[in-house]
Amino acid sequence: MAEQPAYVAIARKWRPLTLEDMAGQTHVTRTLKNALASGRIHHAFLFTGARGVGKTTAARALARALQCLEGPTASPCGVCGPCVDILAGTCPDVVEIDGASNNSVDDIRDLRDGIRYLPAVARFRVYVIDEVHMLSKGAFNALLKTLEEPPPHVKFIFATTEVNKIPETILSRVQRFDFKRIAASVVVNRLRTICDAEGMAISDAALRMVARAGEGSMRDAQSLLDQVISFGGTDANDAQVAEILGMVDRGVLYEMLTGLVKSEPDRCLDAIASVHESGYEIAQFTGELLELVRNAALVALSPGARKHLDVPEEEKDRLTGLVEGMSAEHLSRTFQTLLEVHDQVARANRPRMVLEMAVARLVAIRPAQNLGPLVERLVELERRLRGSGVTVPPPRTVPLSSTGARGREPSDDPEGER
Ligand SMILES: Nc1ncnc2c1ncn2[C@@H]1O[C@H](COP(=O)(O)OP(=O)(O)OP(=O)(O)O)[C@@H](O)[C@H]1O
Ligand SMILES: [Mg+2]
Ligand SMILES: [Zn+2]
């Protein structure tokens, strides 16, 4: 019987081999590619940023880019001695050191002894120190001497999640690159490529949930995709994915937002009931709702704000349609209220009630309609009245109440206050 191939985690199997292949982080990869092309290559690099966003990946890709016999080049050939050996982890001229377990002065002294030798097979001796913030004070001092005047054949690549633990003296001697959290849309694209290549039939909507749950970390998103596949199979449907991830269904979030925007309390209460019944944390729901309301407020504020929303175009269109004619101010007040509610919900014994009462308050506030067209109509009316010879009293200033839309005398309001 043929042996089953060992299962390799997606994050490991799909680690990009070149800077070119990396998703996002273009501010880093572009600069590195330019440096490689121009040959003006710094002797020490520091890669910082959140977990799972590509620091170690970029460090290895850069090592290969520096060492390829065809290089230095951003597109290493993949077939020369150093390229092959680095991939196999057997290249004597690329030394990977885990700062967490090799953090003593002696370790760094060994390193300093090592850098005196010329490279054995490749162009440089490249030292990659991962988790460099774990080095002891003495080790940093020993490193500093080397960093001040390294031999020309030595390159350092440091990676860390905690740049604040790196001494200033070291920071001033390295070229620093700040890796960013990766936008959900970029993560989704990457997951899509992986799913297609691996024959996994997971929908785009489900991949968006996975990306959101990964919170900007590509590794976390990929590990979550592993989980989805192992619990739900390679054809897990959206509801299963939501359940595995413990995420709130997007549809329910939109019901809630629509209810708030259109002042339809039933929609909101139904949405809350469904969140409650499916066993999700109400606090998680309000957290996601906050982001959705923020998106809605930005869309209402200006069409240009759409570029700041990390959601797919269809969702932006949907939001734009939903908030049409609404003021950003009203939405921002809704946000403010929900922010307080979100805090309360996290602490409350009966979070559902807290949210329901918030809905009662929010729906009672009448949406502040855009006053512009109304004012224009009044001005036009006044002009017509004057034209017909009617005496029009001079304008009276009416104090605008805090809700904006109520800047009228109650008697002016044919519908009465709600
Ligand atoms: N920018 C990226 N593009 C594509 N894949 C990525 C990217 N960043 C991370 N990954 C995926 O996540 C895995 C982990 O990435 P990597 O080890 O580079 O993260 P890291 O930033 O060093 O994280 P840590 O701080 O936890 O060490 C990689 O194997 C790869 O599959
Ligand atoms: Mg790392
Ligand atoms: Zn090569």
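## What to know about the overall build of the protein chain
- Counting its secondary structure elements, the protein chain contains 18 helices and five strands.
- By the compact-globule yardstick of 22 Å for 418 residues, the protein chain is too spread out, its C-alpha radius of gyration being 29 Å.
- Taken along the three principal axes of its C-alpha coordinates, the protein chain extends 100 × 60 × 40 Å.
- For the protein chain, with 418 residues in total, the buried portion stands at 35%.
- Put simply, 73% of the contacts in the protein chain that link residues at least 6 apart link residues at least 24 apart.

## Some remarks on the site of ligand 1
- In the vicinity of ligand 1 lie 23 residues, with Arg-15, Gly-54, Lys-55, Thr-56 and Thr-57 positioned nearest.
- Among the secondary structure elements, those contributing two or more residues to the shell around ligand 1 are helix H1 (10-13), helix H3 (55-67) and helix H10 (218-232).
- Its residues placed into classes, the shell around ligand 1 shows nine nonpolar, eight polar and six charged.
- Inspection of the shell around ligand 1 shows a minimum of three residues originating in each of domain 1 (10-178) and domain 2 (184-245).

## What about the sheet that holds strand E4 (residues 154-160)?
- Across the sheet, which stays open at both edges, the five strands sit in the order E2-E3-E4-E1-E5 with parallel pairing between neighbours. Unpaired on one side and paired on the other, strand E2 (94-98) and strand E5 (175-178) mark the two borders of the sheet. For this sheet the average axis-to-axis angle between neighbouring strands, irrespective of direction, equals 15°.

## Considering helix H9 (residues 204-214)
- Burial of H9 is extensive: nine of the 11 residues sit out of reach of the surface.
- Considered for burial, the residues of H9 that qualify are Ala-206, Leu-207, Arg-208, Met-209, Val-210, Ala-211, Arg-212, Ala-213 and Gly-214.
- Buried residues in H9 make contact with helix H8 (184-198), H10 and helix H11 (238-245).
- Once H9 finishes, Glu-215 follows within two positions and takes phi at roughly 50°, a positive value.

## Some remarks on the domain arrangement of the protein chain
- Domain boundaries assigned for the protein chain yield domain 1 (10-178), domain 2 (184-245), domain 3 (250-364) and domain 4 (372-408).
- Using only C-alpha atoms to locate each centre, domain 1 and domain 4 end up separated by 69 Å.

## With respect to unusual backbone geometry
- With an omega of 0°, the peptide bond running from Gly-71 to Pro-72 counts as cis.
- Of note, the phi angle at Gln-25 is positive, near 55°, even though the residue is not glycine.
- Relative to the helices and strands, Gln-25 is located in the loop between H1 and helix H2 (26-38).
- A residue is classified by how many C-beta atoms lie within 10 Å of it, and Gln-25, with 24 of them, is buried.
- Located in the positive-phi region is Ser-263, a residue other than glycine, with phi close to 50°.
- With respect to the helices and strands, Ser-263 occurs in the loop between helix H12 (250-261) and helix H13 (265-277).

## Section: the nonpolar core
- Leu-62, Ile-157, Val-210 and Ala-296 are the most contacted members of the largest nonpolar core, which has 101 residues in total.
- Examining the composition of this core, we find that 10 residues originate from one element, helix H14 (residues 282-301), more than from any other.

## Observations regarding the packing of H9 against H10
- The geometry of H9 relative to H10 is characterised by a closest axis approach of 8 Å and an angle of 130° between their N-to-C directions. With respect to each other, H9 and H10 are oriented oblique. Viewed along their axes, H9 and H10 form a crossing whose handedness is right-handed. Where H9 abuts H10, its residues Val-210, Ala-211, Ala-213 and Gly-214 lie against Asp-220, Ala-221, Leu-224, Leu-225 and Val-228.

## With respect to the pairing of E2
- With five bridges connecting them, E2 and strand E3 (residues 125-130) associate as parallel partners. Within E3, the residue paired with Ile-97 across the bridge is Ile-129.
- In this fold, the crossover linking E2 to E3 by way of helix H5 (residues 105-114) has right-handed handedness.

## Focus on the pairing of E3
- With respect to burial, E3 is a largely interior element, six of its six residues being buried.
- On E3, burial covers both faces: Arg-125, Tyr-127 and Ile-129 on one face and Val-126, Val-128 and Asp-130 on the other are all buried.
- Where the polypeptide runs from E3 across helix H6 (residues 137-148) and back to E4, its parallel neighbour, the crossover connection is right-handed.

## Considering the environment of Ala-37
- Tracing the chain through its elements places Ala-37 in helix H2.
- Separated by 36 residues in sequence, Ala-37 and Thr-73 place their C-alpha atoms 6.4 Å apart.

## Overview of the packing of H14 against helix H17 (residues 351-364)
- Across the interface, H14 lies against H17 with an axial gap of 9 Å and an inter-helix angle of 35°. Contacts between H14 and H17 involve Ile-282, Ala-283 and Thr-286 from the first element and Pro-351, Arg-352 and Leu-355 from the second.
- Of the residues belonging to the contact of H14 with H17, the class tally is four nonpolar, one polar and one charged.

## Considerations on the environment of Val-174
- Summarising the element assignment, Val-174 is placed in the loop between helix H7 (168-171) and E5.
- Through-space distance from the C-alpha of Val-174 to that of Glu-148 is 9.9 Å; in sequence the pair is 26 residues apart.
- Leave out the neighbours within four places in its chain, and Val-174 touches Ala-44, Phe-45, Leu-46 and Phe-158.

The rules behind the values
Residues numbered from 1 in each chain as written. Chains lettered and ligands numbered in written order. Predicted model: local features only at pLDDT ≥ 70, side-chain atom pairs only at ≥ 80, totals over all residues. Helix = DSSP H or I, 4+ residues; strand = E, 2+ residues; numbered from the N terminus. Rg over C-alpha atoms; globule rule 2.2 N^0.38 Å. Buried ≥ 20, exposed ≤ 12 C-beta atoms within 10 Å, placed from the backbone. Contact = placed C-beta atoms within 7 Å. Near = placed C-beta within 6 Å. Nonpolar A, V, L, I, M, F, W, Y, C, P; charged D, E, K, R; others polar. Domains from an automatic or database assignment. Pairing = 2+ DSSP bridges. Axes fitted to C-alpha atoms, helices over the stretch in contact; angles between N-to-C directions. Core = buried A, V, L, I, M, F, W, Y, C linked by C-beta atoms within 7 Å. Parallel < 35°, antiparallel > 145°, perpendicular 65-115°, else oblique. Left-handed = near helix turned anticlockwise from the far one by under 90°. Right-handed = clockwise from strand over helix to strand, strands pointing away.

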